[in-house]
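The primary structure of each chain is shown beneath.
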Amino acid sequence: MGQPQPITNSLDEFDAVVDQVIEAAGGNLRAAIAGLVRGQHAIADDITKTVSAGYVRRGLR
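Residues numbered from 1 in each chain as written. Predicted model: local features only at pLDDT ≥ 70, side-chain atom pairs only at ≥ 80, totals over all residues. Heavy atoms only, no water.

Peer 1: Got a minute to help me understand helix H2 (residues 29–50) in this structure?
Peer 2: An α-helix turns once every 3.6 residues. As a result, residues three or four positions apart point the same way. Across its 22 residues, H2 extends 32 Å between first and last C-alpha, which sits within 8% of the 32 Å expected from 1.5 Å per residue. The backbone nitrogen of Arg30 has a side-chain oxygen 3.0 Å away, supplied by the residue at the start of H2, namely Asn28. (Helix = DSSP H or I, 4+ residues; strand = E, 2+ residues; numbered from the N terminus. Expected span 1.5 Å × (residues − 1). Polar contact = N/O pair within 3.5 Å; in protein donor to acceptor, adjacent residues only side chain to side chain.)

Peer 1: Can you help me understand helix H1 (residues 11–24) in this one?
Peer 2: Compared with the 20 Å implied by 1.5 Å per residue over 14 residues, the 20 Å span of H1 between its first and last C-alpha is a close match. Measuring from the side-chain oxygen of the N-cap residue of H1 to the backbone nitrogen of Asp12 gives 3.3 Å; that N-cap residue is Ser10. Gly26 occupies a position one or two residues after H1 and carries a positive phi of about 70 degrees.

Peer 1: Sorry if this is basic, but what is going on with the environment of Gly35 here?
Peer 2: Checked against the element boundaries, Gly35 lands in helix H2. Overall, the relative accessible area of 31% leaves Gly35 in the partly exposed class. A C-alpha to C-alpha distance of 9.9 Å links Gly35 and Ile22, two positions 13 residues apart in sequence. (Buried < 20%, exposed > 50% of the residue type's maximum accessible area, 1.4 Å probe, protein only.)

Encoded structure:
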C-alpha cells in the first residue's frame, strides 16, 4: 500500500482509499478489516508509549 494517504473529506476520495485497502488485502474484506484494526491498535500502542501518564489521566480537553 506504500505511503499512508492523507485524510480526505470527499466521499469519492474516501471510497478510493477503501478500494485501495481492499485491493491490498487481495479482495478479502475480512483481511482488510483485520489489517485496519491491527493498524489502529498499533497507533494506540504508540500513543500509550509516547504520551505521559499525567496527560492521559487529565484527558484531552
